[in-house]
There are 4 protein chains.
Amino acid sequence: MIDTDGTGRHMFSSEQKSAIEAARAGWAQTRRLVVPAMEDVLYAPIPVLETGFIRAVDYMGGDSGIVQGARVSYGKGTRSTSDDRGLIRYLMRHRHTSPFELAVLKLHVRAPIFVTRQWFRHRTASINEYSARYSVLEKEFYFPRPEDIAAQSTNNKQGRADALPPEQARQVLDILRDDASRCYDHYLDLLNEDENGERRDPGRPAIARELARMNLPVNIMTQFYWQINLWNLLHFLRLRADSHAQYEIRAYADAILQIVQKWAPLTYEAFTDYMRDAVLLSGPALKVLRAAMGGQPVDPAQAGLSKREIRELAELFPEIAPNLAR
Amino acid sequence: MIDTDGTGRHMFSSEQKSAIEAARAGWAQTRRLVVPAMEDVLYAPIPVLETGFIRAVDYMGGDSGIVQGARVSYGKGTRSTSDDRGLIRYLMRHRHTSPFELAVLKLHVRAPIFVTRQWFRHRTASINEYSARYSVLEKEFYFPRPEDIAAQSTNNKQGRADALPPEQARQVLDILRDDASRCYDHYLDLLNEDENGERRDPGRPAIARELARMNLPVNIMTQFYWQINLWNLLHFLRLRADSHAQYEIRAYADAILQIVQKWAPLTYEAFTDYMRDAVLLSGPALKVLRAAMGGQPVDPAQAGLSKREIRELAELFPEIAPNLAR
Amino acid sequence: MIDTDGTGRHMFSSEQKSAIEAARAGWAQTRRLVVPAMEDVLYAPIPVLETGFIRAVDYMGGDSGIVQGARVSYGKGTRSTSDDRGLIRYLMRHRHTSPFELAVLKLHVRAPIFVTRQWFRHRTASINEYSARYSVLEKEFYFPRPEDIAAQSTNNKQGRADALPPEQARQVLDILRDDASRCYDHYLDLLNEDENGERRDPGRPAIARELARMNLPVNIMTQFYWQINLWNLLHFLRLRADSHAQYEIRAYADAILQIVQKWAPLTYEAFTDYMRDAVLLSGPALKVLRAAMGGQPVDPAQAGLSKREIRELAELFPEIAPNLAR
Amino acid sequence: MIDTDGTGRHMFSSEQKSAIEAARAGWAQTRRLVVPAMEDVLYAPIPVLETGFIRAVDYMGGDSGIVQGARVSYGKGTRSTSDDRGLIRYLMRHRHTSPFELAVLKLHVRAPIFVTRQWFRHRTASINEYSARYSVLEKEFYFPRPEDIAAQSTNNKQGRADALPPEQARQVLDILRDDASRCYDHYLDLLNEDENGERRDPGRPAIARELARMNLPVNIMTQFYWQINLWNLLHFLRLRADSHAQYEIRAYADAILQIVQKWAPLTYEAFTDYMRDAVLLSGPALKVLRAAMGGQPVDPAQAGLSKREIRELAELFPEIAPNLAR
Ligand SMILES: Cc1cc2nc3c(=O)[nH]c(=O)nc-3n(C[C@H](O)[C@H](O)[C@H](O)COP(=O)(O)OP(=O)(O)OC[C@H]3O[C@@H](n4cnc5c(N)ncnc54)[C@H](O)[C@@H]3O)c2cc1C
Ligand SMILES: Cc1cc2nc3c(=O)[nH]c(=O)nc-3n(C[C@H](O)[C@H](O)[C@H](O)COP(=O)(O)OP(=O)(O)OC[C@H]3O[C@@H](n4cnc5c(N)ncnc54)[C@H](O)[C@@H]3O)c2cc1C
Ligand SMILES: Cc1cc2nc3c(=O)[nH]c(=O)nc-3n(C[C@H](O)[C@H](O)[C@H](O)COP(=O)(O)OP(=O)(O)OC[C@H]3O[C@@H](n4cnc5c(N)ncnc54)[C@H](O)[C@@H]3O)c2cc1C
Ligand SMILES: Cc1cc2nc3c(=O)[nH]c(=O)nc-3n(C[C@H](O)[C@H](O)[C@H](O)COP(=O)(O)OP(=O)(O)OC[C@H]3O[C@@H](n4cnc5c(N)ncnc54)[C@H](O)[C@@H]3O)c2cc1C
Ligand SMILES: O=c1[nH]c(=O)n([C@H]2C[C@H](O)[C@@H](COP(=O)(O)O)O2)cc1Br
Ligand SMILES: O=c1[nH]c(=O)n([C@H]2C[C@H](O)[C@@H](COP(=O)(O)O)O2)cc1Br
Ligand SMILES: O=c1[nH]c(=O)n([C@H]2C[C@H](O)[C@@H](COP(=O)(O)O)O2)cc1Br
Ligand SMILES: O=c1[nH]c(=O)n([C@H]2C[C@H](O)[C@@H](COP(=O)(O)O)O2)cc1Br
């Protein structure tokens, strides 16, 4: 059951698997708010990318804690009038974000270094990461699936275009694998260690770990504990479960979304409606839209919209696209 | 049992008491880390000052969660070598603060506004406070006990000196009570409400709550939910459970310390030794101290110590005080 | 010229005025980015409410610093292609907020305590406030203008309705003034000081300032230095220069907007278009809108919109209001 | 003059050098606080490690701004009594940190990725970094000087021991250089670009930059703008200009210290005395020390000191070391 990946990959040592199973088996009594759907998934890793995972290792609060916190500011007034769902949607809609801060999630994550570099730019979280000064990094790298190896997008400087033909993708992978493997071997060489952590050559010094690791490429896997409150998590998800984010971090964001849906379903729904699927219409865009709706189209460029904005507005509202095209 | 104050004061309405009792009675199963000593006190208010309280309403993690988080950064290495207590003390000593951030506490607090103004200056927390725009503030004020009414300190601009003679203290209290009472009455007057929230005079408008409240003195009580991680909580406690802090906020900090002791006893002990009872010796003070110990006293003023620093050093080390005095 | 209020009110002592004039007269050479329009207003107070003010006392960066910071992440690529205005608008539109964090503003503010309680909830700023533990608060209160004294709104729990008739407004003001005056007199009494800071009665102790001040109402004026980066300032302004914010803090936010306009005009314009005048359409609202535009209206309630959301959508797009009403 | 490195290395293109020179030549008038010693160094790069640098690109405030901010909280009281130096030392000693937050520094930094991973863990700063999604990383790596290539420390898991013999160091460098070079070549290969950014093979797709870069080792250089207030900078420096920090980040911290010394000399001095050279004596250590001084030594282990703490105490106070050894 814990082996949620079912891919036959050995993401965890049997020792680690036992530890997870033991943790999952350990039930205790609490007076705190409990979210049964979260208890179901607690500690169990969700595989992400080929060799990564996330797993929820603790949580605090949830939808009802948010509601309880929000109500303190409203005093007696609200108690009866609005139901939980309504209140949560109201809070989200009006960006009353402080009640969402009252819920907290703790994850254990394994991800490639280039992904963590993007991840850790979110400063409103607490992190404990595996240290390559202190310990030896394991020989685990991220290599994209062939179908994820794509060409540089030409119109989006930060994006990808189509996937490569399989043959070329394989060549790319060969390069990545070769280099990773060679660099890692040299890493062990510098550490003067074999794969089991035994000293190779007793006559040679072991280079300091913090130095030796500088040879490792950024697709090597690292792991960390990550704790963040729900509001800042939603902010993270808005940016990272988004088409502008790099595919690899998006894969993690999507997995986290699954957890949020279990943990705080009402908040998840409100997030979907008011943040994820929501669209921000700029002041000028609003004017152009209304004019077009009223049948008196204005020149969107003159109204201040850039070409890209006009195109996006037309995509959003195909109904009025002809009016915008002029 | 919930009536932990035992003072006969009616801090909670019977409705609220029932709600607290119900919350305390509600046990559920969890796979999360549980701290039994915290479960004991959960939801139960601890009285602070005369009309205030704090109560723990949720927590996440504790000593063992800290240790678990810290160990991720050390990889396999540490697991056996150091016990939990040793590791926590090591982390505290070396200001490896990120593992302490993994534990989170949520409190419900009632306190006077002038105390919250100091409290909320700590920005690394999440707050939801009762709103006087939205609801009517209750007629609850903080009045010091007579023995806490003290004169202005003459050598410490931010502090108090001796308590006033009882008679004078009573006069002070009379003034405070009178003004609070009159202001509150006028507040209700402006709101056009009686004490039960019923409209007084149907022919008169009710002034907007957000305006009417501007008449209320800063010793009126407010309430809020407060969530903070353990590291930032310790930082708060170091500043607020300290002789430089105003007595009234110190009373809250002291009550929170009791909770921390139950929640994370090893961290509490390490905090006591390495933060609370610890002393920071400046570079120059260290030199002066060592010289004095070596029997070759230097002139502390020449070494760069201010008069106050010399005095403090002498108080800290009466053994060498004579050497410093010169 | 510094007397920008021109109201004849004596917001500053002549000593303070000289200090401001001296500061304004002190020009020096710098290699840093300079925004001449900001230099014009530097140090000069802008009156807010009756007895408050804000004044810019320092700034760092501005539009061109933002652009410069943004370009580091784009490498060579952008330098030519996009002009400053286009880039700033692009950053704002895509919530690339980190470049806006590179500009920093420092204000000196005088405001009533109940306003600062809202203000200081914005945690992403640095504050130094006048201390009533350390110093005696001056006899300066905020009293609304008669036309700002309004009734409680009945449909908006946090808002105001119409202004009171002049006569009733005057009565309200009388109450506010009386109570403020009496409380302040008692404050001095407790401090055993007269208005010039001289001890009144040598035979009586002076109550500690930190205690005596608890008698003061929340409309007393305080002052503080406030430093915040431009991104967080825009976030503050979005929330506080908004119709949901209390009128009194909105007055400050509006004054700050004037400063931002001088300091970073391109950012100000982008803020106006993409944050202030922008409208967030939720996923469901978008669907309903498009359906209505396409002539195939759906039942908005069934689509998930609350009554209030339907009303707001209809107000936003009167063109399709009839389609929504059903 | 700008070529402050004088090493003949070509850290900047001639184009960049001109830009820096132009920036340095551009003087303007300002009413803001100016620190002449900072103007001297503004924009000029200080070389760090072999291929890195830092340069101050903007600043706000300084010692006198701190003092000015601190004084607002003290009201009239302080103005005369304490001089700037005394006040700054007082603030530092009592951890009145908010005035130090009023000064802000902006740096432009080039550093290896493994250093930035440590750097960016400091969350209280604003960052804009070169993006490898958007632009192609240059062929610039960090390779330690031979004398900095050291063996793993055996008693300090996170540290280094002695430098390697030159011959072995050279071998290490060969490995690092080879791998870096091969990985970078493959990177260009994947990008289908030559070193001038020209497409190599028109018949082949260019892999997306965000994918191709995963092949690059963590000693490749990146660059970023970094803005932080002075308090958090001192906190950074305490942790990073410290013997526990990795040598490579320490090199940057040391360079920043030079800048701080120019920018805010009084704060720098106070930092040195009260943070950098200061020593934290734990409660138990204080007891042991006093007992030893009084000639009545207690068993330090029994007093609660760990072996390491006893050793450190003895090193700190050789005078009483014999008393501790028992
Ligand atoms: C010698 C050394 C060894 C280290 N070893 C490891 C390791 O093995 N593994 C590892 O993961 N890290 C390690 N670190 C990194 C360390 O854990 C910190 O992340 C880093 O030093 C930044 O310190 P900071 O959190 O005090 O700084 P900042 O992030 O600048 O924070 C300063 C203060 O601001 C507040 N704060 C900032 N952000 C938040 C927030 N989001 N929520 C609440 N409060 C906040 C806190 O009060 C904090 O103390 C090490 C650091 C050093 C110097
Ligand atoms: C109309 C209105 C009504 C309000 N009603 C109430 C009320 O009834 N009761 C009440 O208590 N408050 C109320 N507030 C205050 C509100 O809850 C916020 O505290 C305030 O608006 C500041 O907003 P902020 O948190 O977004 O700003 P900031 O504190 O500046 O935070 C900005 C962002 O920084 C991050 N951040 C900052 N500090 C932290 C931290 N310590 N940990 C993690 N992330 C952090 C978060 O991502 C946050 O979104 C109201 C505000 C408004 C405008
Ligand atoms: C005895 C005493 C006297 C005081 N006197 C005065 C006074 O006269 N006037 C006055 O105004 N205040 C005064 N204060 C309040 C004091 O200045 C602090 O605001 C308060 O103690 C909170 O401390 P903090 O900033 O360390 O805590 P937090 O706000 O919790 O911050 C902790 C750490 O987090 C980081 N951090 C948090 N938020 C930010 C941010 N937005 N940007 C960057 N880093 C951040 C910083 O590293 C900070 O050190 C006093 C406090 C005490 C205890
Ligand atoms: C598609 C995309 C492209 C990007 N491109 C680049 C790039 O080219 N270069 C680059 O460097 N980065 C880039 N980033 C990273 C980006 O600049 C942010 O650093 C990252 O998205 C984190 O966002 P945040 O700052 O909103 O989150 P958080 O750090 O979690 O902050 C949330 C909010 O908290 C407050 N806050 C947190 N910390 C502080 C603080 N220390 N002081 C004041 N307020 C604070 C602010 O209000 C902030 O808005 C990119 C991100 C995305 C998603
Ligand atoms: O989508 C992005 N997300 C992100 O966080 N960065 C940050 C992460 C890192 O600090 C720096 C460069 O990252 P990339 O090389 O992954 O772009 O900018 C950049 C981009 Br683009
Ligand atoms: O001990 C203190 N603690 C504190 O937080 N302040 C802050 C709180 C408030 O923002 C401002 C003035 O508070 P007092 O009037 O309580 O000093 O400074 C001041 C002092 Br002194
Ligand atoms: O518009 C608001 N803005 C705000 O910051 N608060 C915060 C400030 C304070 O911490 C608490 C109660 O403030 P009011 O009494 O002003 O609502 O909530 C509340 C409201 Br409503
Ligand atoms: O001295 C350190 N400084 C630091 O910031 N880390 C952080 C940086 C990164 O997020 C993670 C692992 O870094 P190293 O591999 O450099 O230890 O811990 C770790 C150590 Br040890």
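Residues numbered from 1 in each chain as written. Chains lettered and ligands numbered in written order. Predicted model: local features only at pLDDT ≥ 70, side-chain atom pairs only at ≥ 80, totals over all residues. Heavy atoms only, no water.

Naming follows an unreviewed UniProt entry, where chain A appears as Flavin-dependent thymidylate synthase of Komagataeibacter swingsii. Quoted verbatim from the Pathway (unreviewed entry) field of UniProt, the annotation for chain A is "Pyrimidine metabolism; dTTP biosynthesis." (UniProt positions renumbered as here; feature names shortened; annotations may be inferred.)

Visitor: Would you mind going over the sheet that holds strand 8 (residues 221-229) of chain A with me for this structure?
Guide: Sheets are built from strands paired through backbone hydrogen bonds, the pairs being either parallel or antiparallel. Residues and elements named next belong to chain A. Here we have five strands laid out as an open sheet, ordered 2-3-4-8-5, and antiparallel in their pairing. One side of each edge strand has no neighbouring strand; the edge strands of this open sheet are strand 2 (46-48) and strand 5 (126-129). Neighbour-to-neighbour, the strand axes of this sheet turn through a mean angle of 25 degrees, independent of strand direction. Looking at chain direction, strand 3 (residues 52-60) and strand 4 (residues 104-112) are connected through seven bridges and run antiparallel. Counterpart to A56 in the pairing with strand 4 is L107. (Pairing = 2+ DSSP bridges. Helix = DSSP H or I, 4+ residues; strand = E, 2+ residues; numbered from the N terminus. Axes fitted to C-alpha atoms, helices over the stretch in contact; angles between N-to-C directions.)

Visitor: I would appreciate a short explanation of the site of ligand 6 in the present structure.
Guide: Surveying the vicinity of ligand 6 reveals the residues R117, Q118, R121, Q158 and R240 of chain B together with E129, Y130, S131, A132, R133 and R213 of chain C. Lying at an intersection of chains, ligand 6 is approached by residues of chains B and C. Within the contact set of ligand 6, an oxygen atom lies 2.8 Å away from a backbone nitrogen or oxygen of A132 of chain C. One of the side-chain nitrogen or oxygen atoms of R133 of chain C is found 2.7 Å away from an oxygen atom of ligand 6. Compared with its free state, where it exposes 440 Å², ligand 6 has 89% of that area covered by protein. Of the residues that constitute the shell around ligand 6, the class distribution is two nonpolar, three polar and six charged. (Near = heavy atom within 4 Å. Polar contact = N/O pair within 3.5 Å; in protein donor to acceptor, adjacent residues only side chain to side chain. Areas by Shrake-Rupley, 256 points an atom, 1.4 Å probe, with all protein chains shown as cover. Nonpolar A, V, L, I, M, F, W, Y, C, P; charged D, E, K, R; others polar.)

Visitor: Got a minute to help me understand the interface of chain A and chain B in this structure?
Guide: Note: interface size is frequently given as the accessible area lost on complex formation between the parts. Each partner contributes to the interface: chain A provides 48 residues, whereas chain B provides 48 residues. Both sides of the chain A and chain B interface together cover about 4,600 Å² of buried area, and 50% of this is carbon and sulfur. Among the residues chain A hides against chain B, the three largest losses belong to R31, R32 and M60 of chain A. Together they make up 21% of the total. Here chain A is connected to chain B by two salt bridges. A salt bridge links R32 of chain B to E39 of chain A; the shortest N-O distance between them is 3.5 Å. Linking chain A with chain B are 22 residue pairs in polar contact (both at pLDDT 80 or more). Mapped by element, the contributors of at least two residues to the side of chain A that touches chain B are helix 1 (14-25), strand 1 (28-30), helix 2 (36-41), strand 3, helix 3 (63-74), strand 4, strand 5 and strand 8 of chain A. Per element, the largest residue contribution to the side of chain A that touches chain B is six residues, and it comes from helix 3 of chain A. Across the side of chain A that touches chain B, the residue classes break down as 20 nonpolar, 19 polar and nine charged. Strand direction decides the pairing type here: strand 1 of chain A and strand 1 (residues 28-30) of chain B, joined by three bridges, are antiparallel. (Contact = heavy atoms within 4.5 Å. Buried area = accessible area lost by both parts, 1.4 Å probe. Salt bridge = Lys/Arg side-chain N within 4 Å of Asp/Glu carboxyl O.)

Visitor: I keep staring at the interface of chain D and chain A and nothing clicks. Help me out?
Guide: Of the residues lining the interface, 58 residues belong to chain D; the matching set on chain A comes to 58 residues. Three residues stand out in chain D for area buried against chain A, namely R117, R133 and M214 of chain D, and they jointly supply 15% of the buried area on that side. Among the ionic pairs, E210 of chain D bridges to R160 of chain A, the shortest N-O distance being 2.4 Å. Summed over the shared surface of chain D and chain A, the number is 34 residue pairs in polar contact (both at pLDDT 80 or more). Among the elements of the structure, helix 6 (113-119), strand 5 (126-129), strand 6 (150-152), helix 7 (166-191), helix 8 (209-212) and helix 10 (247-263) of chain D are those that each provide at least two residues to the side of chain D that touches chain A. Split by residue class, the side of chain D that touches chain A holds 28 nonpolar, 14 polar and 16 charged.

Visitor: What's the story with the nonpolar core in this structure? I'm lost.
Guide: Soluble globular proteins: nonpolar side chains tend toward being buried together. With 195 residues, the main nonpolar core has W119, W226 and L233 of chain A together with W119, W226 and L233 of chain D as its most contacted residues. If sequence neighbours within four positions are ignored, W226 of chain D has contacts with L105, K106, L107, W119, A125, S126, I127, L233, F236 and I256 of chain D. If you look at the next biggest cluster of nonpolar residues, it comprises 193 residues, including Y142 and F224 of chain B together with I175 and I259 of chain C. (Core = buried A, V, L, I, M, F, W, Y, C linked by side-chain atoms within 4.5 Å. Buried < 20%, exposed > 50% of the residue type's maximum accessible area, 1.4 Å probe, protein only.)

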